[in-house]
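Here are the chains, one letter per residue:
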Amino acid sequence: MRTRFIFLVGVILIAALVSACGGVALAQTPQAEPTPPLRTITVNGSGKTILTPDIAYISIGVHTENKDAAEAVAANNTQAEKVLAALKGFNIDAKDIQTTNFSIYPRQDYDQDGKPTGITFVVDNTVYVTLRDLEQVGALLDAAVKAGANSISGISFDVENKTEALSAARKAAVADAQAQAEELAQAAGVSLGAVQSISTYTNYPVPVEMPRAAVAMDMAASVPVSPGSMTLTVEVNMVFAIE
């Protein structure tokens with residue numbers, strides 16, 4: 001009987017001790033309040049800059065054909081040298097005249113009945129010219145053709161340095177997004193907070209290429225060339241907090 005009594009007293013003391021410890025633990029770990037979700041305004045802004053081309057890229061080539069491979073190459077070399085001499089007459093730097101293709105290949109010839117008649121060797125020599133004076137485009141084409149160029153793939157106009165234009169377009173895009181966010185906040189009766197994130201996308205203008213018909217006309221009559229204009233666009237996505 002005495003042993004059972006002592007056992008019950010021990011169980012009661014242990015239970016009391018555990019309960020006390022649990023109470024202390026609970027008292028030391030206060031329950032955290034949930035963080036309210038951040039309220040935001042998301043807008044897209046756009047900025048554009050109009051560019052005037054200041055540089056032209058022209059592919060000028062010499063195409064020759066002959067039944068004899070050596071004669072085809074010799075004729076091509078002679079014409080190509082004359083073309084290069086004509087180009088250098090426009091004070092173009094050597095770094096702005098780059099050979100982009102030299103090829104020679106045999107072409108099987110056929111008669112009207114489809115029967116093979118022999119081999120003709122075709123030689124192409126093409127240079128890529130960077131012209132920094134757009135007023136000389138027409139005259140350069142005319143001189144190149146007269147010197148022996150008979151393969152001109154096209155002319156494209158571009159802007160060599162877009163750094164300042166890109167900076168201006170970025171600033172305009174951010175200003176546009178800021179104005180939209182402020183307008184939305186005012187309309188909603190809330191205060192605009194700090195910027196939470198910014199992402200940007202730049203749409204670089206593709207060099208403007210002259211149609212082949214216009215190139216042919218320019219070669220024939222040295223018609224003045226109009227490079228037109230190009231548009232550089234920057235898009236931004238901005239997230240603002242609502243205070």
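Summary of the structure given here. None of these values were measured; they are calculated from a predicted model. Numbering of residues begins from 1 in every chain and follows the order in which that chain's sequence is written. Where totals are concerned, whole chains, interfaces and linings use all residues; where local detail is concerned, this predicted model gives features only for residues with pLDDT of at least 70, and gives and counts side-chain atom pairs only at 80 or more. To obtain the side-chain values, all non-hydrogen atoms of the structure were included, while hydrogens and water were left out.

Brief notes about the overall build of the chain
Reasoning step 1: The number of helices and strands found in the chain is five helices and eight strands.
Reasoning step 2: Along its sequence from the N terminus, the chain presents helices and strands in the succession α-β-β-α-β-β-α-β-α-β-β-α-β.
Reasoning step 3: Note on contacts: a residue pair is in contact if any heavy atoms of the two residues lie within 4.5 Å. Of the contacts made within the chain by residues no fewer than 6 positions apart, 83% connect residues no fewer than 24 positions apart. Helix and strand definitions follow DSSP, with helices as H or I runs of at least four residues and strands as E runs of at least two, each counted in order from the N terminus.

Focus: the pattern of salt bridges
Reasoning step 1: Any carboxyl oxygen of Asp or Glu that lies within 4 Å of a side-chain nitrogen of Lys or Arg is treated as forming a salt bridge with it. Taken as a whole and judged by the stated rule, the model has eight salt bridges.
Reasoning step 2: In this structure, arginine 107 engages aspartate 109 in a salt bridge whose closest nitrogen and oxygen atoms are separated by 3.2 Å.
Reasoning step 3: Any residue under 20% of the maximum accessible area for its type is buried, any over 50% is exposed, and the rest in between are partly exposed; the area is computed with a 1.4 Å probe on protein chains only. Using a relative accessible area of 33% as the deciding quantity, one classes arginine 107 as partly exposed.
Reasoning step 4: Judged by its relative accessible area of 13%, aspartate 109 falls in the buried class.
Reasoning step 5: Its salt-bridge partner being lysine 162, residue aspartate 158 comes within 3.2 Å of it at the nearest N-O pair.

Digging into the pairing of strand β8 (residues 230–242)
Reasoning step 1: Within β8, ten of the 13 residues are buried, leaving the element largely enclosed by the surrounding structure.
Reasoning step 2: For two strands to pair, DSSP has to find at least two bridges joining them. Alignment of strand β1 (residues 40–51) against β8, held across twelve bridges, turns out to be antiparallel. Following the sheet pairing, valine 43 is matched in β8 by methionine 238.
Reasoning step 3: Where strand β6 (residues 192–203) and β8 come together, nine bridges link them in antiparallel fashion. Note that in β8 the partner of serine 199 across the bridge is asparagine 237.

Here's the deal with the environment of phenylalanine 121
Reasoning step 1: Topologically, phenylalanine 121 is positioned in strand β4 (residues 116–131).
Reasoning step 2: Separated by 53 residues in sequence, phenylalanine 121 and aspartate 68 have C-alpha atoms that sit 6.6 Å apart.
Reasoning step 3: Excluding residues that lie within four positions of it along the chain, phenylalanine 121 makes contacts with Thr64, Glu65, Asn66, Lys67, Asp68, Ala69, Ala72, Tyr105 and Pro106.

As for the packing of aromatic side chains
Aromatic ring pairs are reported here in terms of the distance separating the ring centres and the angle at which the planes meet.
Reasoning step 1: Side-chain rings of Phe, Tyr and Trp (the six-membered ring for Trp) are treated as a pair once their centres are within 6.5 Å; stacked means planes under 30 degrees apart, edge-to-face means over 60, and tilted covers the remaining angles. Taken as a whole, this structure holds one aromatic pair when the rule is applied.
Reasoning step 2: Arranged with centres 5.7 Å apart and planes meeting at 5°, the rings of tyrosine 57 and tyrosine 128 form a pair that is stacked. Within this pair, whereas tyrosine 57 is found in strand β2 (residues 55–66), its partner tyrosine 128 is found in strand β4, the two being separated by 71 residues in sequence.
Reasoning step 3: On the basis of relative accessibility, which here comes to 19%, the residue tyrosine 57 falls in the buried class.
Reasoning step 4: For tyrosine 128, a relative accessible area of 29% puts it in the partly exposed group.

Focus: the sheet that holds β6
Reasoning step 1: Within the open sheet, the three strands sit side by side as β1-β8-β6. Their pairing is antiparallel. In this open sheet, the two edge strands, each paired with only one partner strand, are β1 and β6. Averaged over all adjacent pairs, the angle separating strand axes in this sheet is 20°, with direction ignored.
Reasoning step 2: Only the stretch in contact is used when fitting a helix axis, every axis being a line fitted to C-alpha atoms; angles between N-to-C directions are given from 0 to 180 degrees. Along the sheet, helix α4 (residues 163–188) makes contact with β1, β6 and β8, crossing β1 at roughly 145°.

Digging into the nonpolar core
Reasoning step 1: Here, nonpolar core means buried Ala, Val, Leu, Ile, Met, Phe, Trp, Tyr and Cys residues that are tied together by side-chain atoms lying within 4.5 Å of each other. Counting 24 residues, the largest nonpolar core has Ile58, Ile60, Leu87, Val137 and Leu140 as the members making the most contacts within it.
Reasoning step 2: Examining the composition of this core, we find that five residues originate from one element, helix α3 (residues 137–147), more than from any other.
Reasoning step 3: Judged by nonpolar contacts, the second largest core, of 18 residues, contains Ile41, Ala185, Met238 and Ile242.

On their own, these measurements won't tell you what the molecule is for.
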